[in-house]
Amino acid sequence: MDYKIISSTCSYCGCGCGVLFQVMDGRLIDTLPMKTHPVNEGKLCIKGWNLHEHVVSDKRLTSPMLKKNGQLQEVSWDEAVRTVADRLTSIIEEHGPDSVGVLASAKVTNEENYLIQKFTRAVIGTNNVDHCARHCHSSTVVGLAAAFGSGAMTNSIAEIEDAACIFISGSNTSACHPLIARRVFKAKEKGAKLIVADPRNIQLSRFADVAVTQRLGSDVAMLNGMMHIILKNDWHAKSYVEERCEEFDAFKAVVEAYTPDKVEAITGIAQTDLKKMAELYATNTPASIIYAMGITQHTTGVDNVKSCCNLAMLCGNIGVKSGGVNPLRGQNNVQGACDMGGLPNVFPAYQPVNVKANNEKFAKAWGKDLPDQIGYTITDMTQAMLDGKLKALYVIGENPKMSDPDQNHLDKALEKLDLLICQDIFLSETAEKADVLFAAASVAEKDGTFTSTERRCLRVRKAIDPIGNVLADWEIIAKLSTAMGYEMNYAGPEAIFNEMASVTPSYAGMTYERLGLDGLQWPCPNTDHPGTRFLHKDQFTRGKGLFHAVEYLDPAEMPDDEYPYFLTTGRMFAHFHTGTMTRVSPHLNTEQKTGYVEIHPEDAKALAINDGDAVKLATRRGQIELPARISNKVKPGLLFVPFHFAENSANILTNSAFDPIAKIPEFKVCAVKVAPAGVKGTPHV
Amino acid sequence: MRQQVKAWLEQGTVNILLGYKLGQGYPLPCCFTKENLDEAAELIAGRARYFLI
C-alpha cells in the first residue's frame, strides 16, 4: 500500500483554506482540513471537505479536442496546439492582434495567470486580457485604490475575531465564505457587536445586534445616512480624519443631505435601526467592514465601495488591527489573477501598461515590444464580438455562457467569433461551443500558488498524476507560445514564480521555500520581509486617505407596471459559481439538484403559487422556468435566484448595464415579472 | 519511540505505522513503511490529531 498525505490549498472560494489530500496507491481518495493552518485551523466547509470529488469525477475532460464536422473529437496535443497556433497567427495577420481576446482565470494558479497575460501581451501583441474579477470585484479594485491607494482587503481573516464591531453588508458570509463566518461567530463570542445589512434575511442576520433588509441597490443612501448620524453626534475620529485624510469638507457637504427620513424613504430602513447601526459602528472600535457582491455588482459599484471607505476612514478604522474595509473575494485565486496582471490595463502588481517606464521594464524582461494601449474588458469584448472587431477568444478556466449577464446577448456574440478556444477541466456550457478544447489538469494534479482574499500567497502541491491525457494550464500555454514562435521553456511552476517575483514588487520577497505551508501576505518586498497582515499602517498607500463625495443613484432598472418585482441573484451554500465543479460532486449535488426562486409567502399567495410549483420568470432579456421556494428570506416584492444551474440560468434574466468606471455589470438588481407555469411541484423540505 | 518504530518496521512486526512528522514546521500525518525506513527518524509526537481514510 502506498499511502501519502499532500498539503495544498482549497480551490473553491477565496478564503485560502489549507487542505490535505489523501492519496492511496496513486488515487486521490479524500480531503482533510489542515489542523494547524492559520486560516481554517482544522475546519472546512462542505465544499472543502468534498474538494477531491470534482477531481476524480468521470465527467472530467481527458483529452484535447477539435471540432470536426460540427463535433468535438479527441486529437493529439500536437494537433490541437498546432491548429490553434496556425489559426491565431492567421487571424492576427489578417485582422491585427487586437482582434484576439483572452480570458485569464481565477481558478488557475498565479504562475499560470502570469503566463497567460505574458502570452497575451508578448505573443499575441494585445492587452485584451481580462477575467471574472470584472464581474465580482472590479469595483473594489477601483474604489479601494482611489480611496486608499491599494485595491485589496485591508486586513486579515484571523483579525476579524478581535474586532469590537463587525459590519457586514452584501455578503452572505456563512454560505459563501464559511471559514470567515467562523471568525465572525468567534468575535461575537468575545463580545463584538454585529451589524448585518442585506436585502435578504441571511443566516447571519439572526445573530446580529441590528439587522436590516435594505432595498436592493440603495447602499450609498444607507451608508451616507449612517455617516450623517455619526457626524451629527460627533462620533467621528476627528484627529484621524484631520491628520490622515483629505477632501473631508466636500464629502461632509454631501452627507449632510442624507437625513434619516430621506434615507428611510430610499432604503426602507427604519430610522431607529439606522441610528443603532451608526452608533454601534462608530462607538465600538476597531470596527471591521466586510462586504462582497452585494456591494460591488451594481452600476454604482465603485460608489458603493467608496462609501464603505468613507465610513471606515470617518471612524479611524483603516490602518489598525481588526478594522478595515474587507472585500471577500469569491474565487480561490481571483486576487492572484488580478495581482498577476490578468487585466487589460495593468501588468503584474497593477503597473499600468500605458506608463512608458512599465512598458519598457516588461519589454526588456520578456524580450519583446509590448502594446501600450489599454485592452478590452470582458464587458467590452462582448460588444467587440458583436461588432466584428474581436475574431478569436481564448477562454481559460471560465464559463462566460453561464457567468455573464444577459446570456442570450452573449450567445449571439459568441456565434460571431471565427475561433473559440476553451481550456477547462470539464465540458462547461461555454466549452461545448469551442472550436478547440484544451483539457487541463485540476488543482490536485499540479504545483503552483494561489493568493487568497487576504493577500496570502499559498502553495498548491501536486498530489496525483494528471488524469487522462491532460496538461497543466502552464504547460498548455507554454506549448502554444512556443508553437507561435515565442519560446517558453520553464523547468516548472517554481521557475515561473521566480520570474514573476522578479518583476512584481509586492511579491519580490517570496520564494516557494519561504511560502512554506502558511504562505505570505503581500506586500512582501524583500526576502527578509515577514509579509503584511494589515495595510495602511501609519500612512495610506496613496499618502492620505481620500474621502469621496458620493450621491445616491437608482439602479439601472427599477420595477414598473410590466416588471413589478425586484430580482437579485447569488450563491447557495453547497454550490459554487456556474456549478461545473459542485454539480459533479455527489455530496454537494445531493444538497441541491435544481435551481429555484425564493418568493415571499404574501407574493406567492397573491399569485396562487404553492411551494415547489413551477413558475415563469421574465425580464426584458429573457425568461426561465423553475420551482418556487416560498421563503421569508426575501421580502415582499423581491425574488432571489441562485445562478449555479444551467437548465434555468439566472443570467438569462440579469441586466448587462454596468458601472461606468469598473464596467462591472449590475447582476444584483433588475426588474422581473413572475407567473405560475401551470405545473404543480413537490414542496421543498 | 523512533528506534522502536524503525525496528518494528524493519522486523516486519508491523507493515505500516500511521503517525506524524513535521512538514515545514507543521505536524502532518505520515504513513511510515519499511520501504522508507529513514523517515522513521522524523516521527514526532504531539497534540495534532487527524482521522484518516
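Residues numbered from 1 in each chain as written. Chains lettered and ligands numbered in written order. Predicted model: local features only at pLDDT ≥ 70, side-chain atom pairs only at ≥ 80, totals over all residues. Heavy atoms only, no water.

J.: I would appreciate a short explanation of the sheet that holds strand β6 (residues 100-103) of chain A in the present structure.
T.: Backbone hydrogen bonds hold the strands of a sheet together, and the pairing may be parallel or antiparallel. All names here are of chain A. In space, the seven strands of this open sheet follow the order β5-β4-β18-β17-β16-β6-β7, with mixed pairing throughout. Two strands close off the open sheet at either side, each with one partner strand: β5 (71-74) and β7 (129-130). As paired strands, strand β17 (residues 419-424) and strand β18 (residues 436-439) are joined by four bridges and run parallel to one another. Among the inter-strand pairings, D424 is bridged to a residue of β18, identified as A439. Relative to the sheet, helix α21 (residues 473-483) contacts β16 (392-396), β17 and β18, its axis offset from that of β16 by approximately 155°. (Pairing = 2+ DSSP bridges. Helix = DSSP H or I, 4+ residues; strand = E, 2+ residues; numbered from the N terminus. Contact = heavy atoms within 4.5 Å. Axes fitted to C-alpha atoms, helices over the stretch in contact; angles between N-to-C directions.)

J.: I'm lost on the packing of aromatic side chains in this one. Help?
T.: Each aromatic ring pair is described using two quantities: the centre-to-centre distance and the angle formed by the ring planes. All names here are of chain A. For the structure on display, the rule yields 16 aromatic pairs over all chains. For the ring pair F347 and W366, a centre distance of 6.0 Å and an interplane angle of 80° mean the geometry is edge-to-face. Pair noted here: F347 is in strand β14 (residues 346-347) and W366 is in helix α17 (residues 356-366), with a separation of 19 residues, a long-range link. Assessed through its relative accessible area of 0%, F347 is described here as buried. Here the aromatic residues W77, F119, Y394 and F438 are joined through ring pairs into a cluster of three or more. Above the plane of the ring of Y258 lies K262, whose end atom (NZ or CZ) is 4.3 Å from the centre. Over the ring of Y512 we find R459; its NZ or CZ atom is 4.0 Å from the centre of that ring. (Phe/Tyr/Trp six-rings, centres within 6.5 Å; stacked < 30°, edge-to-face > 60°. Buried < 20%, exposed > 50% of the residue type's maximum accessible area, 1.4 Å probe, protein only. Lys NZ or Arg CZ within 6 Å of the ring centre and 35° of its normal.)

J.: Before we go on, may I ask you to explain the environment of G19 of chain B in this structure?
T.: All names here are of chain B. Mapped onto the fold, G19 is located in strand β1 (residues 16-23). In this structure, the C-alpha to C-alpha distance between G19 and Y50, residues 31 residues apart in sequence, is 9.5 Å. Leave out the neighbours within four places in its chain, and G19 touches L28, P29, C30, F32 and L43.

J.: Even after reading the chapter, I still don't get the domain arrangement of chain A, so can you show me in this structure?
T.: Note on interface size: it is often stated as the accessible area lost on association of the parts. All names here are of chain A. Domain boundaries assigned for chain A yield domain 1 (65-135 + 332-521), domain 2 (154-327) and domain 3 (565-679). Facing 19 residues of domain 2, the contacting portion of domain 3 comprises 24 residues. For the pairing of domain 2 and domain 3, the buried interface totals around 1,800 Å² over both sides, and the portion due to carbon and sulfur atoms is 58%. Our count for the contact surface shared by domain 2 and domain 3 stands at one salt bridge. Close ionic contact of R200 with E598 constitutes a salt bridge, the shortest N to O distance being 3.0 Å. Counting across the interface, domain 2 meets domain 3 through eight residue pairs in polar contact (both at pLDDT 80 or more). Mapped onto the side of domain 2 that touches domain 3, the elements with two or more residues apiece are α7 (173-176), α14 (293-296) and α15 (301-314). Considering every element that reaches the side of domain 2 that touches domain 3, the biggest residue donor is α14, with three residues. Tallied by class, the residues present in the side of domain 2 that touches domain 3 amount to six nonpolar, eleven polar and two charged. (Domains from an automatic or database assignment. Buried area = accessible area lost by both parts, 1.4 Å probe. Salt bridge = Lys/Arg side-chain N within 4 Å of Asp/Glu carboxyl O. Polar contact = N/O pair within 3.5 Å; in protein donor to acceptor, adjacent residues only side chain to side chain. Nonpolar A, V, L, I, M, F, W, Y, C, P; charged D, E, K, R; others polar.)

J.: What should I look at first to understand the state of the cysteines in this one?
T.: As used here, a disulfide is simply a covalent bond connecting the sulfur atoms of two cysteines. Residue and element names in this part refer to chain A. A complete count under the given rule lists zero disulfides over all chains for this structure. C165 takes part in no disulfide bond, and the closest cysteine sulfur to it belongs to C315, at a distance of 9.4 Å. Relative accessible area serves as the criterion here: at 0%, C165 is assigned to the buried category. (Disulfide = S-S within 2.5 Å.)

J.: How should the pairing of strand β25 (residues 614-618) of chain A be read in this particular structure?
T.: A regular strand places its side chains so that they alternate between the two faces of the sheet. All names here are of chain A. The buried count for β25 comes to four of five residues, which makes it a mostly enclosed element. Here five bridges tie β25 to strand β26 (residues 623-630), and the two strands are oriented antiparallel to one another. Bridge pairing links L617 to I624 in β26. Adjacent in sequence and paired antiparallel, β25 and β26 are bridged by four residues. As defined by bridge partners, β25 adjoins strand β28 (residues 670-679) across five bridges and the pair is classed as antiparallel. Of the residues in β28, the one forming a bridge with K616 is A675.

J.: When you look at the side chain of R459 of chain A in this model, what are you seeing that I'm missing?
T.: Residue and element names in this part refer to chain A. With respect to the helices, strands and loops of the structure, R459 is situated in strand β20 (residues 456-460). Within the local environment of R459, its side chain forms a polar contact with the backbone oxygen of G448, the two atoms lying 3.1 Å apart. In contact with R459, other than residues within four places in its own chain, are S8, T9, D447, G448, T449, Y512, L515 and G516.

J.: Would you mind showing me how to read the pattern of salt bridges here?
T.: It is possible for side chains of opposite charge to pair when their charged atoms get near one another. Residue and element names in this part refer to chain A. Per the stated rule, a full pass over the model turns up 32 salt bridges over all chains. A salt bridge links K446 to E112, with the shortest nitrogen-to-oxygen separation between them at 2.8 Å. Linking K446 in the loop between β18 and β19 (448-451) with E112 in helix α4 (residues 110-124), this pair joins segments that are 334 residues apart in sequence. Residue K446 is classed as buried on the basis of its relative accessible area of 5%. For E112, a relative accessible area of 0% gives the class buried. Sharing partners across several salt bridges, the network here consists of E41, E161, D162, R182, R183, K186, K190 and K321.

J.: Help me out: how do you make sense of the sheet that holds strand β13 (residues 325-327) of chain A in this one?
T.: Residues and elements named next belong to chain A. Taken together, five strands build an open sheet; the order of strands is β10-β9-β8-β12-β13 and the sheet is parallel. Both edges of this open sheet fall to β10 (210-212) and β13, since each of them pairs with a single strand only. Neighbour-to-neighbour, the strand axes of the sheet open up by a mean angle of 15°, direction not taken into account. Contacting β8 (165-169), β12 (287-291) and β13, α15 runs over the sheet at an angle of about 170° to β12.

J.: Help me out: how do you make sense of unusual backbone geometry in this one?
T.: For residues that are not glycine, phi is negative in most cases, and the peptide bond is trans in most cases. Residue and element names in this part refer to chain A. Put simply, T285 and P286 share a cis peptide bond, and its omega is 0°. Examined against the element boundaries, P286 turns out to sit in the loop between α13 (271-283) and β12. Of note, the bond from W522 into P523 is cis; its omega dihedral lies within 30 degrees of zero at 0°. Tracing the backbone shows P523 in the loop between β21 (520-521) and β22 (545-546).

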